[in-house]
Amino acid sequence: TAVCCTVALGMRVPDRARAVLIKQLGSSQTPIRLYAALALGWIANPRSTQVLKHRFQEERDPEVRAAIIRSLERHADAALLTKALADTSPAVRTAGCLLAVHAEPQLAVKELDRRLIRESDLGVITVGLATRFVVTGSPLPQQSVVRQSGQASRVLRVRLWRDLDL
């Protein structure tokens, strides 16, 4: 119930909730931190954004880091996009792929391609390719750096190409 109250507080009375939610980002309980991050995402102001970006650097739990990225989706921060796509957690990289939709298209394609070339997690690859499709409006071209790179992961070369080329 505390978690539901956290989200409701952030959505219903954001100005009064901000200090409480920021404090909850430091909780020892993962669900409290996770939902505090999501609730702060509803509060569109520079202070909340700054706190979330700072917390992303300190947070060790991948689920909370992914929640922070999801809550910052509307902010189109190029540095945050790069960090999210380079994270060690597939959940954070997946959230980073979704963040790319809000970035400048050229940057989004460049960062997504960089991630897809070395990605091995099928979930991240699927979301990355879908996001790339949304950003560009077309499937991955034959001459794409992702298809041409010698570094392309086995998952991309073997498991997905046959589905994409049908």
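Keep in mind that what you see is a predicted model, and the values were worked out from it rather than measured.

Cut-offs used in this document
- Chains are numbered independently. Their residues run from 1 in the order of the written sequence.
- Since the coordinates come from a predicted model, pLDDT governs what is reported: local features require at least 70, and pairs of side-chain atoms require 80 or more to be given and counted, while whole-chain, interface and lining totals use all residues.
- The side-chain figures draw on all heavy atoms in the structure; neither hydrogens nor water molecules are used.
- Here a helix means four or more residues in a row that DSSP labels H or I, a strand means two or more in a row labelled E, and each is numbered from the N terminus.
- Three labels apply to residues, based on accessible area from a 1.4 Å probe with only protein chains included: buried if under 20% of the type maximum, exposed if over 50%, partly exposed otherwise in between.
- Only heavy atoms enter the contact rule, under which two residues are in contact if any of them lie within 4.5 Å.
- Helix span is expected to be 1.5 Å times the residue number reduced by one.
- N or O atoms within 3.5 Å of each other form a polar contact, as long as, within protein, one can give a hydrogen and the other can take it, and as long as residues adjacent in sequence are counted only when both atoms are side-chain atoms.
- Here the axes come from fitting lines to C-alpha atoms, over the contacting stretch only for helices, and the angles between their N-to-C directions go from 0 to 180 degrees.
- The scheme is simple: roughly parallel for angles under 35 degrees, roughly antiparallel for over 145, roughly perpendicular for 65 to 115, oblique for anything else.
- Crossing handedness: left-handed means the near helix sits turned counterclockwise from the far one by under a right angle, and right-handed means the same turn made clockwise.
- In this classification, Asp, Glu, Lys and Arg are treated as charged, Ala, Val, Leu, Ile, Met, Phe, Trp, Tyr, Cys and Pro as nonpolar, and every other residue, Gly included, as polar.

### Things to note about the overall build of the protein
Argument step 1. Summing up its helical and strand segments, the protein has 11 helices and zero strands in all.
Argument step 2. Listing the helices and strands of the protein from first to last along the sequence gives α-α-α-α-α-α-α-α-α-α-α.
Argument step 3. Counting over 166 residues, the protein shows a buried share of 44%.
Argument step 4. In the protein, the proportion of contacts linking residues at least 24 apart, taken out of those at least 6 apart, comes to 59%.

### Quick notes on helix α3 (residues 30-42)
Argument step 1. Its 13 residues give α3 an end-to-end C-alpha distance of 19 Å, which sits within 8% of 18 Å, the value for a rise of 1.5 Å per residue.
Argument step 2. For α3, the set of buried residues is Ile32, Arg33, Leu34, Ala36, Ala37, Ala39, Leu40 and Gly41.

### Considering helix α5 (residues 62-71)
Side chains that are three or four residues apart share a direction in an α-helix, a result of its 3.6 residues per turn.
Argument step 1. The element α5 is extensively covered by neighbouring structure, given that seven of its 10 residues are classed as buried.
Argument step 2. The elements touched by buried residues of α5 are α3, α4 (46-58), α6 (78-85) and α7 (90-99).
Argument step 3. The N-cap of α5, judged by a side-chain oxygen 2.8 Å from the amide nitrogen of Glu63 a few residues on, is Asp61.

### A few points about the side chain of Glu111
Argument step 1. Following the sequence through the fold, Glu111 ends up in helix α8 (residues 105-118).
Argument step 2. Taking relative accessible area as the criterion, Glu111 reaches 6% and is therefore assigned buried.
Argument step 3. What Glu111 contacts, discounting residues up to four positions off in sequence, is Leu81, Thr82 and Leu85.

### Focus: the packing of α6 against α8
Argument step 1. Interhelical geometry of α6 versus α8 gives an angle of 10 degrees and a closest axis separation of 10 Å. Here α6 is positioned roughly parallel relative to α8, judged by the angle of their axes. For the pair α6 and α8, the crossing hand works out as right-handed. Of α8, the residues touching α6 (which contributes Ala78, Leu81, Thr82 and Leu85) are Leu107, Ala108, Glu111, Leu112, Arg115 and Arg118.
Argument step 2. Grouping the constituent residues of the contact of α6 with α8 by class yields six nonpolar, one polar and three charged.

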